[in-house]
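Coordinates in review
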Amino acid sequence: MPSIKRAIKTSDLTYEMSDVSIEIVNAPEDCDWSRWGMLDDRRSTRMYCFKANTENQLYQFILEGEVYKFEENILLTITGVSDAQNNKKIAMLSTPNFEEAVGISDKDEEGNPKEGAPYLPIPQNYHVYMQTWENPTFIDQFLWKEDTRSLEPNGITRPWFNMCAFPDDTDWDRWTMTYDSNHYQLSLPAYVYYAFKRGSNSEIYFGRYGAKGDQEYTSEDGEIKYYDAYSYDPAAHPEDVEGDQYYGQAKCGNIKIEGLSENVQVTDISVVFDGIDTFMYLMID
């Protein structure tokens, strides 16, 4: 089983390690933990991993108490995966609709909202992202909708995205994404892309969804198409556009993980926003 540690976001640029180690129970023997992802849909925090020796099959685990339990009879299929996608690494997130509900932790024993409990948007879509083999800064999006067990190439915005203006020492092998609507409730800049600084286990670059529709490419059939970009560069998020800045901070920068032991190697990462807090899950070698 993998060793996964958890950190919690304490400021826009800081995560602090906790003493929580993730326990996974009842996992099938053919789990491929080198390909995993996590998301939160305000009902549960969910963990996924590939079924070994498959190109598009995902097992699901649900957080119950302090452990992640395998959910039997749930096998999700990512359709439309081709040789163009690098499925050796995935990222996942969920996005909300306009329905709101009180989170489980803010209900009393009878299931009623506690006084002053915040109402949280309920996600209706799960997303899976994969890089392309040809260019790790180019990612494809697969979208799941309620009442199905498949994810298809799709996008609420566009099915493809590019990463722009990230530093030259970005580690494109250790990356993830989340939808953090603390600052951008039901807004496209809530989408965040994270990637480690190469050679570091405690410094992470991040960029938010930015330039829309201004990236051009030619498809295999010669058609000119466009895709959107996540950018590390503040210039891609002009201050005169309402909502493009928050608390005076640009929508990109460097994150530091505090309290991580110096003798560990982080091999992969997932970031989960539960409607109130943002958690970072680090897979340790």
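Preceding this paragraph is the structure being described.
Described below are features of the structure shown in this document. (Residues numbered from 1 in each chain as written. Predicted model: local features only at pLDDT ≥ 70, side-chain atom pairs only at ≥ 80, totals over all residues. Heavy atoms only, no water.)

1. Here we look at the overall build of the chain
The helix and strand tally for the chain stands at zero helices and 20 strands. Residue burial in the chain is summarised as follows: out of 285 residues, 53% are buried. A fraction of 56% describes how many contacts in the chain between residues 6 or more apart in sequence connect residues 24 or more apart. For the chain, the exposed area adds up to about 13,600 Å²; of that, 43% sits on carbon and sulfur atoms. (Helix = DSSP H or I, 4+ residues; strand = E, 2+ residues; numbered from the N terminus. Buried < 20%, exposed > 50% of the residue type's maximum accessible area, 1.4 Å probe, protein only. Contact = heavy atoms within 4.5 Å. Areas by Shrake-Rupley, 256 points an atom, 1.4 Å probe, with all protein chains shown as cover.)

2. Looking at the pattern of salt bridges
Proximity of charged atoms lets side chains of opposite charge pair with each other. What the rule picks out here adds up to ten salt bridges. Between Asp30 and Lys51 there is a salt bridge, with the nearest N and O atoms lying 2.7 Å from each other. Highlighted residues: Asp30 in the loop between strand E3 (23-25) and strand E4 (31-40) and Lys51 in strand E5 (residues 45-51), separated in sequence by 21 residues. The exposure class of Asp30 is partly exposed, given its relative accessible area of 25%. For Glu203, the salt bridge identified is with Lys197, shortest N-O distance 3.8 Å. Looking at Lys197, the relative accessible area reads 26%, which means it is partly exposed. Because the salt bridges share partners, they merge into one network encompassing Asp41, Arg43 and Arg46. (Salt bridge = Lys/Arg side-chain N within 4 Å of Asp/Glu carboxyl O.)

3. Considerations on the packing of aromatic side chains
What the rule picks out here adds up to 17 aromatic pairs. Residues Tyr59 and Phe70 carry aromatic rings whose centres are separated by 5.4 Å and whose planes lie at 90 degrees to one another, so their mutual orientation is edge-to-face. You can see Tyr59 sitting in strand E6 (residues 57-64) and its partner Phe70 sitting in strand E7 (residues 67-78), a full eleven residues away along the chain. Both residues of the pair, Tyr59 and Phe70, belong to the buried class. Aromatic side chains Tyr194 and Phe206 sit 6.4 Å apart centroid to centroid with 35 degrees between the ring planes, which places their arrangement in the tilted category. On the criterion of sequence distance, the pair formed by Tyr194 in strand E14 (residues 191-197) and Phe206 in strand E15 (residues 203-209) is long-range, its members being twelve residues apart. (Phe/Tyr/Trp six-rings, centres within 6.5 Å; stacked < 30°, edge-to-face > 60°.)

4. Overview of the pairing of E6
Burial within E6 is extensive, with six of its eight residues counted as buried. In this structure, the hairpin formed by E5 and E6 is closed by a connection of five residues, where Asn53 is found at a positive phi of approximately 65 degrees. Across seven bridges, the pairing between E6 and E7 is antiparallel. In the sheet register, Leu58 faces E7, and the bridge partner there is Leu76. Where E6 folds back on E7, the antiparallel hairpin that results is connected by two residues, among which Gly65 adopts a positive phi of roughly 70 degrees. (Pairing = 2+ DSSP bridges.)

5. So, the nonpolar core
Within the largest apolar cluster, 20 residues are counted, with the highest numbers of intra-cluster contacts made by Tyr129, Met163, Trp175, Met177, Tyr193 and Tyr230. Looking at this core, the elements that each hand over two or more residues are strand E8 (85-102), strand E12 (160-164), strand E13 (170-179), E14 and E15. At four residues, E13 tops the list of elements feeding residues into this core. Contact partners of Trp175, with chain neighbours within four places excluded, come to Lys89, Ala91, Tyr129, Met130, Gln131, Ile139, Tyr193, Tyr194, Ala195, Asp268 and Ile269. (Core = buried A, V, L, I, M, F, W, Y, C linked by side-chain atoms within 4.5 Å.)

6. Some remarks on unusual backbone geometry
Unlike most non-glycine residues, Arg42 shows phi in positive territory, near 70 degrees. Within the element layout of this structure, Arg42 appears in the loop between E4 and E5. A relative accessible area of 10% places Arg42 in the buried class. One non-glycine residue, Ala165, lies in positive phi territory at about 65 degrees. Mapped onto the fold, Ala165 is located in the loop between E12 and E13.

7. With respect to the side chain of Gln131
Residue position: Gln131 is located in strand E9 (residues 119-132). Here the side chain of Gln131 touches Pro136 through a polar contact of 3.3 Å, landing on its backbone oxygen. Apart from residues no more than four positions distant in its own chain, Gln131 is found in contact with Ala84, Gln85, Asn86, Pro136, Phe138, Ile139, Trp172, Trp175 and Tyr193. (Polar contact = N/O pair within 3.5 Å; in protein donor to acceptor, adjacent residues only side chain to side chain.)

8. Let's talk about the pairing of strand E18 (residues 252-258)
Pairing geometry for strand E2 (residues 14-21) and E18, over three bridges, is parallel. Following the sheet pairing, Tyr15 is matched in E18 by Ile257.

9. Quick word on the side chain of Thr54
Mapping Thr54 onto the fold places it in the loop between E5 and E6. Take Thr54: its relative accessible area is 13%, and that puts it in the buried class.

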